[in-house]
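Chain residues, written in single-letter form:
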Amino acid sequence: MAGHHIRAALFGAALAAGAIPALAQDGGKPDEVKVGITTFLTGPASVFGVPARDAAEMIIARMNENGGIGGVPIQASFIDEGAGGEALTAEFRRNVQDGADVMLAAISSGNCTQLAPLAEDLEVINLMWDCGTQRIFEENDYKYVFRTQANATPEMLASVLYLLKQKPDFKTIAVVNQDYAWGRDSWDIFSTALKAMKPDVEVVGEFFPAFGAPDYSTEISRLSALRPDVILSTSWGGDLDTFVRQAAQRGLTQQSTFVLPLAESSLERLGSALPEGVIVGARGDHYFQHPEMVGQADFDTFVKDFKDKTGSYPIYSVFHMAQAFAALDAAYEKAIEANDGQWPSKDQLVAAFEGLEFQAYGRPISIREDNQGVEAQLLGTTTSSDMPFKTLADIMIFDGGPLTAPVGEESVEWVGGLTPAFVDEIKPTTFQ
Amino acid sequence: MTFSRRAILPAILVAALALVPILAPFLQVVLIFALMKGIAVLGVTVLLRAGQVSFGHALFFGIAAYAGAFLAASPFDDLVLLVLAGLVTSAVTGLIVGIFVARYRGIFFAMLNLAFSMIFWSILEKFYYLTGGADGLRLPRPTVLGMAFERGAFEDILYYVALGLALLLGWFVIRFLNSPIGQLYQTVKTNETRLEYLGISPRVALIKGYVLSAALCGVGGVLMATAQGIVTPSYAYWVRSGEMVFIAVLGGAGSVAGAFAGSIAYELVRTYAAAFAGDIWQLLLGAFLLVIILFAPGGLVGIYNSVFDRARGAAGSAKRETGVPKKPAEVRS
Amino acid sequence: MNAQLFILALFDGVAYAALVFMVAVGLTLIFGVLRVLNVAHGSLYAIGAYVTVSAGSAIIAAGYSPVLAFPLMLVAAILVGVVLGGLMEKLLLSRIYDRPEVLQLLVTFAVFMMLEDVQRLVWGNQPYFQSAAVNLLGNVELFGVFYTSYQLIFLPLVALATLIGLRLFLRRTLTGKLITAVTEDREAAQFIGINAERVYLLTFIAGAALAGLGGALASPTTSVLPGIGTEMIVLSFAVVATAGLGQIEGAAVAALLIGLGRSFAVYLYPELQVLVPYLIMLLVLLVRPEGLFGSPAARKI
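Residues numbered from 1 in each chain as written. Chains lettered and ligands numbered in written order. Predicted model: local features only at pLDDT ≥ 70, side-chain atom pairs only at ≥ 80, totals over all residues.

### Description of the overall build of chain C
Link 1 in the chain: In terms of regular secondary structure, chain C is built from 12 helices and 2 strands.
Link 2 in the chain: Against the compact-globule benchmark of 19 Å for 301 residues, chain C has a radius of gyration of 19 Å, which places it among compact chains.
Link 3 in the chain: Dimensions of chain C along its principal axes, counting C-alpha atoms only, are 60 × 50 × 35 Å.
Link 4 in the chain: Counting only residues that meet the buried cut, chain C has 55% of its 301 residues in that class.
Link 5 in the chain: Of the contacts made within chain C by residues no fewer than 6 positions apart, 77% connect residues no fewer than 24 positions apart. (Helix = DSSP H or I, 4+ residues; strand = E, 2+ residues; numbered from the N terminus. Rg over C-alpha atoms; globule rule 2.2 N^0.38 Å. Buried ≥ 20, exposed ≤ 12 C-beta atoms within 10 Å, placed from the backbone. Contact = placed C-beta atoms within 7 Å.)

### Observations concerning the overall build of chain B
Link 1 in the chain: When you go through chain B residue by residue, the secondary structure sums to 14 helices and 2 strands.
Link 2 in the chain: The C-alpha radius of gyration of chain B comes to 20 Å, within 12% of the 20 Å expected for a compact globule of 333 residues.
Link 3 in the chain: Dimensions of chain B, computed from C-alpha atoms along their principal axes, come out at roughly 65 × 45 × 40 Å.
Link 4 in the chain: Counting across all 333 residues of chain B, residues that qualify as buried make up 55%.
Link 5 in the chain: Contacts in chain B between residues at least 24 apart in sequence constitute 76% of all its contacts with a sequence separation of at least 6.

### Considering the sheet that holds strand 3 (residues 102-104) of chain A
Residue and element names in this part refer to chain A.
Link 1 in the chain: Overall, parallel pairing links the 5 strands, which are arranged 2-1-3-4-5 in an open sheet. Each having just a single partner strand, strand 2 (74-80) and strand 5 (145-147) make up the two edges of the open sheet. Mean inter-strand twist for the sheet, computed between neighbouring axes without regard to direction, equals 20°.
Link 2 in the chain: Where strand 1 (residues 33-39) and strand 2 come together, 7 bridges link them in parallel fashion. Residue Thr38 lies in a different strand from strand 2, and its bridge partner there is Ile79.
Link 3 in the chain: Packing of helix 2 (residues 46-65) onto the sheet brings it into contact with strand 1 and strand 2, and relative to strand 2 it is tilted by some 170°. (Pairing = 2+ DSSP bridges. Axes fitted to C-alpha atoms, helices over the stretch in contact; angles between N-to-C directions.)

### As for the environment of Lys309 of chain A
Residue and element names in this part refer to chain A.
Link 1 in the chain: Turning to its location among the elements, Lys309 is positioned in helix 12 (residues 297-310).
Link 2 in the chain: Separated by 188 residues in the primary sequence, Lys309 and Asp121 have C-alpha atoms spaced 38 Å apart.
Link 3 in the chain: Those residues in contact with Lys309 that sit more than four places away from it in its chain are Asp54 and Met58.

### Thoughts on helix 11 (residues 238-252) of chain B
Helical geometry note: an α-helix holds 3.6 residues per turn, so side chains three or four residues apart project in the same direction.
Link 1 in the chain: Spanning 15 residues, helix 11 of chain B covers 21 Å between terminal C-alpha atoms, matching the ideal 21 Å at 1.5 Å per step.
Link 2 in the chain: When you tally the buried positions in helix 11 of chain B, you get 14 out of 15 residues, the bulk of the element. (Expected span 1.5 Å × (residues − 1).)

### Focus: the packing of helix 1 (residues 3-34) of chain C against helix 11 (residues 248-268) of chain C
Residue and element names in this part refer to chain C.
Link 1 in the chain: Interhelical geometry of helix 1 versus helix 11 gives an angle of 140° and a closest axis separation of 6 Å. Considering their axes alone, helix 1 and helix 11 lie oblique with respect to each other. Seen along the crossing, helix 1 lies across helix 11 with a hand that is right-handed.
Link 2 in the chain: Residues belonging to the contact of helix 1 with helix 11 are distributed by class as follows: 20 nonpolar, 4 polar and 2 charged. (Parallel < 35°, antiparallel > 145°, perpendicular 65-115°, else oblique. Left-handed = near helix turned anticlockwise from the far one by under 90°. Nonpolar A, V, L, I, M, F, W, Y, C, P; charged D, E, K, R; others polar.)

### Things to note about the interface of chain C and chain B
Link 1 in the chain: Listed by partner, the interface residues are 39 residues for chain C and 43 residues for chain B.
Link 2 in the chain: Elements with a contribution of two residues or more to the side of chain C that touches chain B: helix 4 (101-123), helix 10 (228-243) and helix 12 (276-287) of chain C.
Link 3 in the chain: Looking at which element gives the most residues to the side of chain C that touches chain B, the answer is helix 4 of chain C, with 15 residues.
Link 4 in the chain: Split by residue class, the side of chain C that touches chain B holds 29 nonpolar, 1 polar and 9 charged.

Here it is as structure tokens:
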């Protein structure tokens, strides 16, 4: 944005004129912690991204009321992922050039794949706060990029396990995923894991409509003719909404069991369009009626505050944003402590993120040596309740550790090496 | 070339552009995109001189960019090689496509080009494992003649490369248009039949210019991809083609200087409109173009020239040759 | 592929083709008469969809019967046609008929860009969903597959009615004959006293209204968000170019061809789905550059 350019120019002029602003040395606190956050503000994914922005604003306001991070207020700017890869890259660069301390990028796995190397090149700390593709840390080593949530591997594995535990006797499955990094990678892991743990399963159809496609009629006709027992879709946001609505309209949701690992973010929006008996995941243990968290003061206040501010219940994009800020806060705290109460340098902050443990509104999360977060996974089955939308029953919460590919191993390979015995080995916590 | 007073302002502008990285670095990003897009628009301009509009030149813009991306992923990630790869790829594609489309004129020519570019776009979108699909491909920073540079230095180098190429290619296009081949090529617009009477195939004449226009778009495309560090299917989408024609006419259809004047104006409005007027840059640019078309169809360069013509007092003949294709002469009954 | 799947693909293709036809026919009508390729046609489609969704949601929220959603579509179409189409023609296009083709094209392209931002300003960036009309008509079963009656029966019927209606209008009514005359030979028509300007205005309004109607009809089946116009317009170009510019019956055939091609691709090679319309366009144009039903342009020397 031009404002930043003008600011940058003035800054340069001030420097040239000999006015030297107080550089943040160890001990000298900066005026503010600048955070650049990417999220979807336009397009079908905005129904997912805008609540995250609202959450960020709420969380930052609350943190600043309590003095901010280590006594320094937070200042956030938001970048729209909906503007396309090129505009996003340009804006990311501009934010960093204007002095962002930490970047939070991104929602889309495709964008993360582009921005992670860029962040590394620019030597700016980047927290991948929502994207799920596992390939980023498996294909390269990063110093500055961390992920404050799980990735596709535990999420898809948990989905497969839940499916096999609830419905072990299905024969055929079809997939309808968005055609981009997340849609492709998540299917690779899901299908490999499923075939490893249930070798007799048959994949009868694979459909990858474009990201943002407004119409799934032909895919739905095809699926209606194929009649698979299970239909998987890792779609999210407006795409998932449209798909479920159109499928429900044509009775497809009655014909097949739907497995929607990202549908926790669509529960409220879909209302009565989502039928009972759908397997729903939340990319982590995120749910506004989380059985282990409901009743705790922090959690209840957060849910209530968010509902008051936006009129809707929080969804997992909101919880992921909370996690990212919890990690940021914890990292700064850890770094300040290790620095004897002085403000940390960038490298000290990077060191603090390694092995970090933090908690937001679910089970605690830890960051392991390859910078990947380890997070619990929650899945449930939709059921009617007195809410105007379906809620989850038969909830299972899986520990993230055993489900995340070991450091240094490639996920699809690792998952392919599992056996049907794995289903019984993993014992999640169950709730009614 | 005679030195006239008209050349003063352009000369000053070129000098100013050369000094931007030093005096006004905040403009560098905007201008580097403007220069690269300008090179691509130069391709459209060349085509306009033959009286043809293509709504599919983003094909060459995109294919060169992706060629660059493929090369950048290999050990041969050098700026010179990237530009060469882009140039060759787009020129060869231009030749192949040109052979097909050079038979047609007017709206059919435009539509056929559109078809080719949309097919390419569809392939880019769908063949995820080859092209990265909608996410696109990354272009890691290349070396320059074997030397690796830090980000800041590289961006300065790229800026001057873009400026240098813009000047070089602009000069080349002017020379081409003045050359015998170029003159024959432009006759496709003014009087194609006469060309046939002379025994020269207008198809061949058109193809020569077409390949040049494709190569120019390609160079612009691969440079753009290098500057952005990422290439996505939108490089080949029809809106991108339309944007290039838009800029060509905005600057002054058929004018080499117009290509760059138009793209600089376009990029400035696009970047800074956001700062003052929110997300309505398309509204502003669209309105701007409408005003130009309705009241100053010679574009920015046309306005500039008419100021000089009026100052010179040259009455009547003030209309300089613009490159906008005329409709075929109506038969008067 | 067995017979059952074949028939299913057929029906999907017809449903899709019906929508594409509605937009393409307005485009080809405008080109036939005004010789202008209206790039803004896609935006008119999108605005027709938006208006229908907004008005429909308002009506249903106010408690009226969802049946009103249907006449609402016509109202939205007429609004789009008269207001946007009329303004566009009167203020902009009428001034540039004597200008070169590329400038006319760019004027419509500029309007397209402006209308894209207008959509965002008025309706925002989030997707809208209003499917009362579809739900009202229920489902129909075919070989164990459920189709919405709306897509399977209603849309093709409307498209067919439009086709027949246009044909009758152009051949039987006075205004229609005036339009046909101007299409055939503009100057001759003016010589015999036909007011070409009024004909242009009327045709443009009609074409715009058809685009708006296409959007209105599409809106209950899909989510409405910025950008649907952009995709629809290039698809319409493909249909119109394949058919032959100005060919109305041809547009129906081309729409069917492309709709069926696309749906068969989904059934056979899903990855080629996006490619098919442009491939068909290319193959047709390479063999017959004037389109399947177009007449070759005579070159004036």
